[in-house]
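# Structural overview
Residues per chain are reported as follows:
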Amino acid sequence: MKPFDVIALGELLIDFTENGTSEQGNPLWEANPGGAPCNVLAMLNKLNHKTAFIGKVGNDVYGRQLIDTVKNAGIDTSALLIDPEVHTTLAVVHTFPNGDRDFSFYRNPGADMMLSVCDLPMPLLQDCKIFHFGTLSMTHEGVREATVQAVQYAKACGAIVSFDPNLRPPLWSSLNDAKTQIAWGLRNSDIVKIADNELEFLTGETDFDKGAAILKEWFPNIRLLNVTAGADGSYSYCNGLRVFVPAFRLGGTIETTGAGDTFCACVLHDVLTNGLDSRTEASLTNMLRFANAAAYLVTTKKGAIRSMPAPSDIARVLS
């Protein structure tokens with residue numbers, strides 16, 4: 001009877017997304033609260049789950065904006081700390097006509113990188129059913145050590161571990177280092193959400209079934225592996241089963257920021273509701289349909305944390 005359904009650790013930042021041009025012809029940018037782990041938690045709160053976030057922001061206007069946003073989303077902020085010296089991490093998101101994105105980060109350093117082992121709330125980590133993390137908290141040594149300690153402690157306390165590689169090449173000193181840290185995450189996780197480009201990056205395979213088979217061979221600890229393929233749909237591999245569900249293509253897509261995080265949150269919601277073991281083809285199909293519908297809806301708005309769909313909106317898409 002743990003009080004928190006999901007606790008996540010990692011980056012909380014501002015995504016500057018394009019929002020037209022000024023009268024002088026200059027591009028206008030909207031400061032959207034984001035960061036993959038908190039995006040996941042925001043969607044879980046929409047689905048009536050109790051969540052908490054572990055991370056750091058700067059003592060600046062953006063840090064205060066993020067704290068207010070996370071609180072308003074219903075996420076527990078007792079482990080969201082303020083760094084007195086390092087500014088909040090910023091990301092500039094350039095959106096292409098098809099909705100895909102290119103990121104430029106202002107993070108050298110950023111406050112999210114300043115999380116250390118001594119900042120970890122050990123009693124909080126004992127109290128979660130699922131612990132979720134990604135690799136932006138593994139790009140640098142100090143925050144990497146904190147992430148490793150948090151994963152290992154939550155796991156020792158009986159939590160299910162969820163992992164999203166969320167590869168952002170500009171943030172790594174080398175892609176070999178990225179592969180090493182992603183492999184560590186995969187080796188220590190029960191649930192994995194991986195994008196098609198990340199699957200190819202790790203395995204060299206463009207065939208999803210072959211790539212998934214390689215990952216399952218390398219990391220037999222993974223109990224539920226989901227592969228997202230953007231506008232094509234998503235795949236799930238579990239207990240020897242393989243399920244594909246096409247994406248919802250209903251028009252109105254603006255940008256894809258937060259779509260994968262929304263998908264990931266819906267998978268965790270399904271696991272909390274239906275369990276992780278004894279999955280059937282039908283249950284995996286229902287899980288992917290729900291997750292695809294929610295992911296589609298978040299692409300029709302700008303930003304992520306404040307754009308998560310309500311269950312009633314997801315139900316309308318499904319119907």
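For the structure itself, consult the block above.
Before going into details, it helps to say that this report is about the structure given with it. These numbers come from a predicted model, not from an experiment.

### Some points on the pairing of strand β10 (residues 191-195)
Residues in a regular strand point their side chains to alternate faces of the sheet. In terms of burial, β10 is largely enclosed, as five of its five residues are buried. Side chains I191, K193 and A195 of β10 all project onto a buried face; the interleaved residues V192 and I194 project onto the opposite face, where all are buried too. When strand β9 (residues 160-164) meets β10, the two strands line up parallel, connected through two bridges. Bridged to F163 within β10 is V192. As a crossover connection, the stretch from β9 through helix α5 (residues 175-187) into β10 is right-handed. With five bridges connecting them, β10 and strand β11 (residues 224-228) associate as parallel partners.

### Considering the nonpolar core
With 51 residues, the main nonpolar core has L12 and L224 as its most contacted residues. With 10 residues, the single largest contributor to this core is helix α9 (residues 281-298). Look past the residues within four positions of L12 in its chain and what remains in contact with it is G34, C38, F53, K56, V57, L66, V70, L80, T88, D112 and I305. Core analysis: the next-biggest nonpolar cluster, separate from the first, contains 45 residues, L215, I222, Y235 and Y237 among them.

### Some thoughts on the sheet that holds strand β4 (residues 51-58)
Within the open sheet, the nine strands sit side by side as β5-β4-β1-β8-β9-β10-β11-β12-β13. Their pairing is mixed. Looking at strand neighbours, the two that pair on one side only are β5 (76-83) and β13 (241-246), the edges of this open sheet. Taken pair by pair, the neighbouring strands of this sheet meet at an average axis angle of 15°, ignoring direction. Sheet strands touched by helix α1 (residues 36-46): β1 (4-9), β4 and β8 (128-134). Its angle to β4, the strand with the most contacts, is close to 145°. Taken strand by strand, helix α4 (residues 141-156) contacts β1, β8 and β9, and its axis lies near 155° from that of β8.

### A word on the pairing of strand β12 (residues 233-238)
Of all six residues making up β12, six are buried, and the element is well covered by its neighbours. Burial of the side chains of β12 extends over both faces: G233, Y235 and Y237 are buried on one face and S234, S236 and C238 on the other. What sits between the antiparallel neighbours β11 and β12 is a turn of four residues, in which G230 has the positive phi angle 60°. As judged from the six bridges shared by β12 and β13, these two strands associate in the antiparallel manner. Looking at the pairing, S234 lines up with V245 of β13. Joining the antiparallel neighbours β12 and β13 is a turn of two residues, in which N239 adopts a positive phi near 55°.

### Some remarks on empty space enclosed by the protein
Under the criterion given, the structure shown has one cavity of 30 Å³ or more. Lining of the largest cavity is provided by E11, A36, P37, H132, F133, G134, T135, L136, D164, N166 and D261. The dominant element in the lining of the largest cavity, judged by the number of residues it contributes, is β8, at three residues. Counted by class, the lining of the largest cavity contains four nonpolar, four polar and three charged residues.

### Points about the packing of aromatic side chains
Following the criterion strictly, the structure yields nine aromatic pairs and no others. Note on F16 and Y62: the rings are 5.6 Å apart at their centroids and 90° apart in plane angle, and the pair reads as edge-to-face. Note that F16 is positioned in strand β2 (residues 13-21) and Y62 in helix α2 (residues 61-72), a separation of 46 residues in sequence. The exposure class assigned to F16 is buried, which follows from its relative accessible area of 14%. Given a relative accessible area of 27%, Y62 falls into the partly exposed group. Centroid distance F208 to Y235: 5.0 Å. Interplanar angle 65°. Geometry classified as edge-to-face.

### Considerations on helix α6 (residues 196-203)
Those residues of α6 that sit buried are E198, L199, F201, L202 and T203. Those residues of α6 hidden inside the fold are in contact with β9, α5, β10, α7 (208-218) and β11.

### Some points on the packing of α1 against helix α8 (residues 259-274)
Remark: α1 packs on α8, axes separated minimally by 8 Å, with the N-to-C direction vectors making an angle of 50°. Judged by the angle between their axes, α1 and α8 are oblique. Handedness of the α1/α8 crossing: right-handed. Across the interface between the two elements, A36, N39, V40, M43 and L44 of α1 pack against D261, T262, C264, A265, C266, L268 and H269 of α8. In terms of residue class, the contact of α1 with α8 is built from eight nonpolar, three polar and one charged.

What counts as what
Residues numbered from 1 in each chain as written. Predicted model: local features only at pLDDT ≥ 70, side-chain atom pairs only at ≥ 80, totals over all residues. Heavy atoms only, no water. Buried < 20%, exposed > 50% of the residue type's maximum accessible area, 1.4 Å probe, protein only. Helix = DSSP H or I, 4+ residues; strand = E, 2+ residues; numbered from the N terminus. Pairing = 2+ DSSP bridges. Right-handed = clockwise from strand over helix to strand, strands pointing away. Core = buried A, V, L, I, M, F, W, Y, C linked by side-chain atoms within 4.5 Å. Contact = heavy atoms within 4.5 Å. Axes fitted to C-alpha atoms, helices over the stretch in contact; angles between N-to-C directions. 1 Å grid on protein atoms, 1.4 Å probe; cavity = no way out; pocket = protein on both sides within 12 Å on 5 of 7 lines; lining within 4 Å. Points joined across faces, edges and corners; volume = space filled by probe spheres on them. Nonpolar A, V, L, I, M, F, W, Y, C, P; charged D, E, K, R; others polar. Phe/Tyr/Trp six-rings, centres within 6.5 Å; stacked < 30°, edge-to-face > 60°. Parallel < 35°, antiparallel > 145°, perpendicular 65-115°, else oblique. Left-handed = near helix turned anticlockwise from the far one by under 90°.

The quantities given are spatial measurements derived from coordinates; they are silent on function.
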